[in-house]
Amino acid sequence: MQGKVVVITGGTSGIGQVAAEQLAGMGARIVLVARSQKRGEEALSRLRGIAPGPPHGIHYGDLSRLSDLKRVAQEIAAAEPRIDVLINNAGAMFGQRQLTEDNLELTFATNHLSYFVLTDVLRDRLIASAPSRIVNTSSHAHYRGTLDFDNLQFEHGYKSFPAYCRSKLCNVLFTRVLARQLAGTGVTANSLHPGFVKTRFGDESGGAMASIIGLMKIFAITPEKGAETIVYLASSQDAAQSTGLYYYKSKPVEPSKLALDDAAAERLWKYTAGLMSH
Ligand SMILES: NC(=O)c1ccc[n+]([C@@H]2O[C@H](COP(=O)([O-])OP(=O)(O)OC[C@H]3O[C@@H](n4cnc5c(N)ncnc54)[C@H](OP(=O)(O)O)[C@@H]3O)[C@@H](O)[C@H]2O)c1
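Quantities reported herein were computed from a predicted structural model and do not represent experimental measurements. (Residues numbered from 1 in each chain as written. Predicted model: local features only at pLDDT ≥ 70, side-chain atom pairs only at ≥ 80, totals over all residues. Heavy atoms only, no water.)

Trainee: So what exactly am I meant to see when it comes to the overall build of the protein chain here?
Mentor: The helix and strand inventory of the protein chain stands at nine helices and eight strands. For 278 residues, the compact-globule formula gives about 19 Å, and the C-alpha radius of gyration of the protein chain, at 17 Å, lands near that figure. In the protein chain, of all internal contacts separated by at least 6 residues, the share reaching a separation of at least 24 is 76%. When the accessible surface of the protein chain is summed, it comes to about 11800 Å², and 53% of that surface belongs to carbon and sulfur atoms. (Helix = DSSP H or I, 4+ residues; strand = E, 2+ residues; numbered from the N terminus. Rg over C-alpha atoms; globule rule 2.2 N^0.38 Å. Contact = heavy atoms within 4.5 Å. Areas by Shrake-Rupley, 256 points an atom, 1.4 Å probe, with all protein chains shown as cover.)

Right under this line is the structure:
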């Protein structure tokens, strides 16, 4: 990873933090995207401690907001002449249905729209930097995800876990269309499940599911273990040619039947692209 540039969201906590630190340790220059100045500065100073050589950077924005997403992505595109790896990893689950300033359901906006918009704006940079890679953190929760295009924003019947599962299904569907569109460009795109990992995930969600996740964390793996598949997809020579696949424990595994539905994937793509013009 010597001399490579890695852009990562969710690098201020959990598996994203560990992945950023490990990739920095391998020689990469890290560009963080974060919402909190305090947590961002702390993450940046840890990176500088681990790998003081390359000038790691940071851009601030709330990844659930379309205006912030577009601004941050454009700032990165202007500042970085090359991007070798884009890791879309920031994500969360919410106990109550909340709407963003763009009138979108918060889980959908944070977990899916952010991946779509950052990738869209940075796409030309990634193509110009080929061979390059896009790594999207999904979850085995996607196996329980459903799509209802008449109720995609959970206007009716919101529940935190189904909304989360849907957003993680969107991650796999998005990655598969992306890989198809990028075929022949030298840019790969894969999604992954990190395992059930002891991070801050769920801590601030509220609701019953957050309490259940809190209790289950005694069975969870460490963030170091959870980051392994991200680091593998971002850096390994073995994974250099793989694209459009869903990984767990650094191996491709079969995603859900719905995640393999090409018509649903294209429909989701069109729907999400339509939101970008808001
Ligand atoms: N933990 C698990 O068991 C598990 C299992 C499967 C998949 N995943 C996935 O793994 C990814 C990382 O989660 P984690 O477990 O490492 O959780 P985490 O410790 O809560 O980290 C989440 C990261 O996302 C950032 N983030 C959340 N909302 C954001 C927003 N609106 N704008 C900017 N940044 C935002 C957080 O920033 P702050 O530091 O500012 O909070 C933090 O850096 C998520 O996509 C999650 O769905 C986790």
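Trainee: Whenever I open this one, the environment of Gly186 confuses me. Can you help?
Mentor: Here Gly186 lies in the loop between helix 5 (160–181) and strand 6 (187–193). If sequence neighbours within four positions are ignored, Gly186 has contacts with Ala130, Pro131 and Ser132.

Trainee: Honestly, the packing of aromatic side chains in this entry has me stumped. Any pointers?
Mentor: The relative placement of two aromatic rings is captured by the distance of their centres and the angle of their planes. Counted according to the given criterion, the structure contains nine aromatic pairs. Geometrically, the ring pair formed by Phe174 and Trp269 is stacked, given 5.5 Å between the ring centres and 25 degrees between the ring planes. Of this pair, Phe174 sits in helix 5 while Trp269 sits in helix 9 (residues 262–276); the two residues are 95 residues apart in sequence, bridging distant segments of the chain. Take Phe174: its relative accessible area is 2%, and that puts it in the buried class. Counting every residue linked through ring pairs, the aromatic cluster contains Phe116, Phe174 and Trp269. (Phe/Tyr/Trp six-rings, centres within 6.5 Å; stacked < 30°, edge-to-face > 60°. Buried < 20%, exposed > 50% of the residue type's maximum accessible area, 1.4 Å probe, protein only.)

Trainee: Help me understand the site of the ligand in this model?
Mentor: Taken together, 29 residues sit near the ligand, with Thr12, Ser13, Arg39, Tyr164 and Thr199 positioned nearest. Between an oxygen atom of the ligand and a main-chain N or O atom of Gly10, the distance comes to 3.5 Å. Calculation on the ligand without its partners gives an accessible area of 890 Å², and the protein chains cover 95% of this total. Counting atoms within 2 Å of the grid points, the majority share of the ligand lands in the largest pocket. Breaking the shell around the ligand down by element, the ones donating at least two residues are helix 1 (14–25), helix 4 (106–128) and helix 5. Per-class residue counts for the shell around the ligand are nine nonpolar, 15 polar and five charged. (Near = heavy atom within 4 Å. Polar contact = N/O pair within 3.5 Å; in protein donor to acceptor, adjacent residues only side chain to side chain. 1 Å grid on protein atoms, 1.4 Å probe; cavity = no way out; pocket = protein on both sides within 12 Å on 5 of 7 lines; lining within 4 Å. Sits in = over half its atoms within 2 Å of the grid points. Nonpolar A, V, L, I, M, F, W, Y, C, P; charged D, E, K, R; others polar.)

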